[in-house]
Amino acid sequence: MAAKSHSQAGEEKTSSRSDVNRKLKYISLAVLVVQNASLILSIRYVRTLPGDRFFTTSAVVMAEVLKVLTCLLIILLQRRFHVKDTVYFLVDSILFQYKDTLKLAVPSLIYTLQNNLQYVAISNLPAATFQVTYQLKILTTALFSVTMLRKSLSRVQWFSLLLLFAGVAVVQMQQEGKKEASSASSTQNYIAGLVAVVISCLSSGFAGVYFEKILKGSAASVWVRNVQLGIFGTALGAVALWWQDGGAVAERGLLFGYTGAVWGVVLNQAFGGLLVAVVVKYADNILKGFATSLSIVVSTVTSVYLFGFQVDLLFTAGAGLVIGAVYMYSLPKGPSTSTSTSTSVASPTTEMEAFIPKCSAKQKGS
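All figures in this text were calculated on a predicted structure; none of them were measured in a lab. (Residues numbered from 1 in each chain as written. Predicted model: local features only at pLDDT ≥ 70, side-chain atom pairs only at ≥ 80, totals over all residues. Heavy atoms only, no water.)

(A) The arrangement of helix H13 (residues 313-330) in detail. Between its first and last C-alpha atoms H13 spans 26 Å; for 18 residues at 1.5 Å apiece the expected length is 26 Å, and the two agree. Along H13, the residues classified as buried are Phe315, Gly318, Ala319, Val322, Ala325, Val326 and Ser330. Here the buried residues of H13 occupy an arc of 130° about the axis, which is enough to place them on one side. For H13, the side-chain oxygen to backbone nitrogen distance between the N-cap and Leu314 is 3.3 Å, and the N-cap itself is Asp312. (Helix = DSSP H or I, 4+ residues; strand = E, 2+ residues; numbered from the N terminus. Expected span 1.5 Å × (residues − 1). Buried < 20%, exposed > 50% of the residue type's maximum accessible area, 1.4 Å probe, protein only. Arc of directions from axis to C-beta. Polar contact = N/O pair within 3.5 Å; in protein donor to acceptor, adjacent residues only side chain to side chain.)

(B) Here's a closer look at the environment of Leu294. Here Leu294 lies in helix H12 (residues 285-307). You can call Leu294 partly exposed: its relative accessible area is 32%. Residues Leu294 and Ile323 lie 29 residues apart in sequence; the distance between their C-alpha atoms is 8.0 Å.

(C) Expanded view of a nonpolar patch on the surface. On the surface, Val156, Phe290, Leu294, Val297, Val298, Val301, Val304, Tyr305, Val311, Tyr327 and Leu331 cluster together to form a nonpolar patch covering roughly 910 Å² of accessible area. Among the elements that take part in the nonpolar patch, H12 stands out by supplying seven residues, more than any other. Secondary-structure assignment places Val298 in helix H12. According to the relative accessible area criterion, Val298 is partly exposed, its value standing at 31%. (Patch = residues over 30% accessible without salt bridge, like charges linked within 9 Å, V, L, I, M, F, W, Y side chains within 5 Å. Areas by Shrake-Rupley, 256 points an atom, 1.4 Å probe, with all protein chains shown as cover. Salt bridge = Lys/Arg side-chain N within 4 Å of Asp/Glu carboxyl O.)

(D) Highlighting the packing of aromatic side chains. Per the counting criterion, the structure on display carries nine aromatic pairs. Ring plane angle 75° and centroid distance 6.0 Å describe the contact between Phe54 and Tyr258, whose orientation is recorded as edge-to-face. Residue Phe54 is found in the loop between helix H1 (2-48) and helix H2 (56-78), and its partner Tyr258 is found in the loop between helix H10 (222-252) and helix H11 (260-279); the two are separated by 204 residues along the sequence. Its relative accessible area of 14% is what places Tyr258 among the buried residues. Centre to centre, the rings of Phe144 and Phe206 are 5.5 Å apart; their planes meet at 75°, and the pair counts as edge-to-face. Within this pair, whereas Phe144 is found in helix H7 (residues 136-148), its partner Phe206 is found in helix H9 (residues 190-216), the two being separated by 62 residues in sequence. Each residue in the set Phe54, Tyr119, Tyr258 and Trp263 is aromatic and connected to the rest through ring pairs, giving one cluster. Directly above the ring of Phe54 sits Arg47, whose terminal nitrogen or CZ lies 5.3 Å from the centroid. (Phe/Tyr/Trp six-rings, centres within 6.5 Å; stacked < 30°, edge-to-face > 60°. Lys NZ or Arg CZ within 6 Å of the ring centre and 35° of its normal.)

(E) How the structure looks around the pattern of salt bridges. In total, this model carries four salt bridges according to the counting rule given. Note that Glu64 and Lys67 form a salt bridge whose closest N and O atoms lie 3.6 Å from each other. With a gap of three residues between them, Glu64 and Lys67 both fall in helix H2, about one helical turn apart. A relative accessible area of 7% places Glu64 in the buried class. For Lys67, a relative accessible area of 18% translates into the label buried. Put simply, Arg225 and Asp100 hold a salt bridge, and the shortest N to O gap is 3.1 Å.

Now the structure itself:
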């Protein structure tokens, strides 16, 4: 009787855990879609508003500063708010292990370049066009993964990359000679936007693979890594700010042109990436691919209402190819399906532990 009740309790616990994981996956999907679509749409919105324009280089720097402060707060939380212990830990992780820290100078430089290029691209391209074209980062990431990490791709994945390239090409054909119906369209340079998004895709692919290679050879937490990245990012962003807008910033101020909407973009850029880094642990590849595809649809529909974007048959065909390619690329390889499933189920507990202050050895032993 006792064994039966124990078995029932175990089944109820497993069922409850399964329900929690299912809810977390749906929450993950919503967060990923909102993050993917909202950042692009909000940047497009603030860059097409009439009036004084903020300095995009200052927005990149402010986002990096907020990201570093947030990660420092999380590390302090993990250390049970022991300031002295946290300071010693950070000095050891960042300064004493300086060789490990310097490895992140390269991806940080590339990420800073990418963040600045995103503003250039979104300022000159319709949000929906940028969202579709930016999926080329999947192609560049795949190519760098094959060459740098010696990863293998399935035939379905290679075919999906061809579809992806074809879909982006169709969208670019549709955009030739066509302008978004907005008051700011006359000040936009389509070629500059296209070049910026292509370079951004190349840099995103290389930096992502390089960062993955570094993480595989290190035991440092993701929060320490983000602090290291943020330190370099702030410094490099400040150099770009001085180089591009130094005189104007000295005259008008660092926060010139900042409104509530601009601060929303900065906060989204700072916290959105960290939020996705946590949430993505609950999502498998299929869910991530579906979220990306859905965010393209959300961006397109919203662009129609906000910016007067015109959707025709050619754009629909190209976007459809890209959405299908993204989903196909995220499909698991046959034998590894069970492995990826078990990983995605087990990971929520691991990631939640990252937020829970660690107990001391004395507490664990008691």
